[in-house]
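# Architecture at a glance
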Amino acid sequence: VRVRDRLYVIGGCQVSTPSPAPPFLPTCGKSPQPTTASVWYTKVAPDGSLPDGWTASAWELGQAAGTKSGVIRYQHRAVAVGDWIYVVGGSSNNCNIATVPPGKPATENVFAAHVDPVTGDTGPWTEEIRLPRALSRHTLAYAAGALFAMGGVDDSTPSKPSQAVFRADIGPDG
């Protein structure tokens with residue numbers, strides 16, 4: 001997701017390692033936890049290039065003030081609204097790798113973090129109002145002052161696409 005002149009990579013699942021591997025990609029073969037909570041960012045130059053390399057945020061996805069770690073997530077969606085990043089839904093089941101503890105194929109979490117316009121780092125993440133039901137692999141859009149989460153799959157019928165549309169208004173303070 002892009003906020004101002006920075007690009008953010010939030011969470012994700014790494015099932016193979018490209019060469020050379022960007023620093024934000026966890027590696028299945030070298031890590032017991034291939035799904036990550038990491039948040040990485042870099043500056044985008046006026047020509048669209050990424051000249052500065054990647055920086056790890058001080059705050060992992062879902063990491064609230066006073067906590068030591070965030071929540072792993074992939075198949076989630078993120079959108080930027082002003083200087084805020086919202087992350088909605090997703091899976092916490094470690095890329096379906098059988099050798100790690102299972103998580104949920106879909107989650108109802110909605111997280112928000114303010115981005116410092118000077119440094120680009122996120123602040124602590126807050127959990128916002130939850131989705132009415134868990135979603136992953138959905139679409140997320142911001143329009144007319146609201147977030148819209150649409151489609152995807154949910155916990156109750158993971159093999160059947162959802163036709164649900166959920167809306168959450170975003171206040172002027174984010």
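Residues numbered from 1 in each chain as written. Predicted model: local features only at pLDDT ≥ 70, side-chain atom pairs only at ≥ 80, totals over all residues. Heavy atoms only, no water.

## Notes on the sheet that holds strand β9 (residues 139-143)
Two strands in a sheet stick together by hydrogen bonds in their backbones, pointing the same way (parallel) or opposite ways (antiparallel). Where we set the bar: Strands were regarded as paired on the criterion that DSSP finds at least two bridges between them. Only DSSP runs of H or I covering at least 4 residues are called helices, and only runs of E covering at least 2 are called strands; the numbering of each starts at the N terminus. Axis definition: a line fitted to C-alpha atoms, over the contacting stretch in the case of helices. Angles run 0 to 180 degrees between N-to-C directions.
Strands sit in the order β9-β10-β11 across an open sheet of three strands; the sheet is antiparallel. Every interior strand has two partners, whereas the edge strands, β9 and β11 (165-169), have only one. For this sheet, the mean inter-axis angle between neighbouring strands, taken without regard to orientation, is 20°. Where strand β10 (residues 146-150) and β11 come together, five bridges link them in antiparallel fashion.

## Re the side chain of His76
This is how it is decided: Accessible area is worked out with a 1.4 Å probe on protein chains only. A residue is then buried under 20% of its type maximum, exposed over 50%, and partly exposed in between. Note on contacts: a residue pair qualifies if any of its non-hydrogen atoms lie within 4.5 Å across the two residues.
Mapped onto the elements of the fold, His76 is located in the loop between β4 (55-56) and β5 (77-81). The class of His76 is buried, set by a relative accessible area of 12%. When neighbours within four sequence positions are excluded, His76 is seen to be in contact with Ile10, Gly11, Gly12, Val87, Val88, Gly89, Gly90 and His138.

## Things to note about the nonpolar core
As a rule of thumb, soluble globular proteins bury nonpolar side chains together. The condition is simple: What makes a nonpolar core is a set of buried Ala, Val, Leu, Ile, Met, Phe, Trp, Tyr and Cys residues whose side-chain atoms join them at distances within 4.5 Å.
Counting residues in each nonpolar core, the largest one holds 14 residues, and the members touching the most others are Tyr86, Val88, Leu131, Leu140, Leu147 and Ala149. When near neighbours in sequence (up to four residues on either side) are disregarded, Val88 contacts His76, Arg77, Asn109, Val110, Leu131, His138, Leu140, Leu147 and Ala149. Formed by twelve residues, the second largest nonpolar core is a distinct cluster that contains Tyr8, Tyr41, Phe111 and Ala113.

## Remarks on the pairing of strand β7 (residues 110-114)
Burial within β7 is extensive, with four of its five residues counted as buried. Sheet topology places strand β6 (residues 84-88) next to β7; five bridges connect them, and they run antiparallel. Note on β7: the bridge partner recorded for Trp84 is His114. Pairing between β7 and strand β8 (residues 126-127): two bridges, direction antiparallel. Residue Phe111 lies in a different strand from β8, and its bridge partner there is Glu127.

## Some thoughts on the confidence of the model for the protein
Reading fine detail from the predicted coordinates is not recommended where pLDDT is low. Definition in use: The pLDDT value expresses, per residue, how confident the predictor is, ranging between 0 and 100.
Model confidence for the protein is summarised by a mean pLDDT of 85, while 82% of its residues fall at 70 or above. Put simply, strand β3 (residues 35-43) is where the protein has its lowest mean pLDDT, 89, and strand β1 (residues 2-3) is where it has its highest, 98. A low-confidence stretch, residues 27-32 stays under pLDDT 50, and its non-local contacts, those more than four residues away or across chains, total seven contacts.

## What about the side chain of Thr42?
In plain terms, the rule: Polar contacts, as counted here, are pairs of nitrogen or oxygen atoms within 3.5 Å of one another; within protein the pair requires one atom able to donate a hydrogen and one able to accept it, and residues that are adjacent in sequence qualify only if both atoms are side-chain atoms.
Along the polypeptide, Thr42 turns up in strand β3. In this structure the side chain of Thr42 is engaged in a polar contact, spanning 2.6 Å, whose partner is the backbone oxygen of Gly53. Residues in contact with Thr42, not counting those within four places in the same chain, are Asp5, Arg6, Leu7, Leu50, Asp52, Gly53 and Trp54.

## A look at the environment of Ala106
Take Ala106: it is sitting in the loop between β6 and β7. Counting along the chain gives 27 residues from Ala106 to Arg133, while the straight-line C-alpha distance between them is 8.9 Å. Beyond its immediate sequence surroundings of up to four residues, Ala106 is in contact with Gly90, Ser91, Ala134, Leu135, Ser136, Val153, Asp154 and Asp155.

## Some words on unusual backbone geometry
Despite not being glycine, Arg137 shows a phi value in the positive range, around 55°. In this model, Ala144 sits at a positive phi of 50°, which is unusual for a non-glycine residue.

## A short note on the sheet that holds β7
Here we have four strands laid out as an open sheet, ordered β5-β6-β7-β8, and antiparallel in their pairing. In this open sheet, the two edge strands, each paired with only one partner strand, are β5 and β8.

## Quick look at the environment of Arg4
The topology assignment puts Arg4 in the loop between β1 and β2 (6-13). A relative accessible area of 54% means that Arg4 is categorised as exposed. Along the chain, Arg4 and Lys43 lie 39 residues apart, while their C-alpha atoms are 9.1 Å from each other. Once residues within four sequence positions are removed from consideration, Arg4 is found in contact with Asp83 and Pro117. Within polar-contact distance, the side chain of Arg4 engages the side chain of Asp83 at 2.7 Å.

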